[in-house]
Amino acid sequence: MLRTHLISVLSASVLLAGCNYSDAESAPAPIRDKEAKVLEKELKGKIAGEPRSCISNTRNVNAIRISDDTLLYRESGRTVYVNKLRSSCPGLTRGDDIMVVETYSGQLCSGDLIRLVDRTSGIPGPVCSLGEFTPYKKAK
């Protein structure tokens, strides 16, 4: 009985150690100076609103890559949406890859998938999921 309990505890420890290792490995890279300046410029003078599940997917919405887990969607000069992805998307900020968004409606929604595809070879990269969209609007 004691041996079975000891094996269970050791197995759980190994599993937890593996989770900690993979969590550290999948943590997003810190925001670089260039992206921090873009983020500051885009949000300057704007106030955060209530997060939304979906935003319009019009041709006027521009995606800006801020970090491996943050995207900005500029809808107009007045509104910018910050999207914190559900998990890190390694290589998102490289900008070399084509970002393909799989939507299931006429909108961009939390849970929609982003696929990165190598621009030169066409080899697919990571698949990531959008989070909620927090609107930032100019103060009135």
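Everything numeric here is computed off the predicted structure, so don't read it as measured data.

Caption draft 1: Structural context of the overall build of the protein chain. The number of helices and strands found in the protein chain is two helices and ten strands. Along the protein chain, helices (α) and strands (β) appear in the sequence α-α-β-β-β-β-β-β-β-β-β-β when read from the amino end. Evaluated residue by residue, the protein chain yields a buried proportion of 29% over its 140 residues. Within the protein chain, contacts between residues at least 6 apart in sequence are counted, and of these 56% link residues at least 24 apart. Working note: accessible area of the protein chain is about 9,200 Å², and carbon and sulfur atoms make up 56% of it.

Caption draft 2: Just the sheet that holds strand β5 (residues 79-84), in detail. Strand order in this open sheet of five strands is β1-β10-β5-β4-β3, and the pairing throughout is antiparallel. A single partner strand is all that each edge strand has here, and the edge strands are β1 (46-48) and β3 (62-67). Each strand of the sheet is rotated relative to its neighbour by a mean of 25°, with strand direction disregarded. Inspection of the sheet shows β1 paired to strand β10 (residues 133-138) by three bridges, in the antiparallel sense. When the sheet's bridge partners are listed, Ile 47 is paired in β10 with Lys 137. Set on the sheet, helix α2 (residues 33-43) makes contact with β1, β3, β4 (70-74), β5 and β10; between it and β3 the angle comes to about 130°.

Caption draft 3: Layout of the pairing of strand β9 (residues 124-129). Two strands pair when backbone bridges link them, and strand β8 (residues 113-117) and β9 are joined in this way by four bridges, in the antiparallel orientation. The residue bridging Val 117 from the neighbouring strand is Pro 124, located in β9. Two successive antiparallel strands, β8 and β9, enclose a turn made up of six residues, where Gly 122 displays a positive phi of approximately 80°.

Rules and cut-offs
Residues numbered from 1 in each chain as written. Predicted model: local features only at pLDDT ≥ 70, side-chain atom pairs only at ≥ 80, totals over all residues. Heavy atoms only, no water. Helix = DSSP H or I, 4+ residues; strand = E, 2+ residues; numbered from the N terminus. Buried < 20%, exposed > 50% of the residue type's maximum accessible area, 1.4 Å probe, protein only. Contact = heavy atoms within 4.5 Å. Areas by Shrake-Rupley, 256 points an atom, 1.4 Å probe, with all protein chains shown as cover. Pairing = 2+ DSSP bridges. Axes fitted to C-alpha atoms, helices over the stretch in contact; angles between N-to-C directions.

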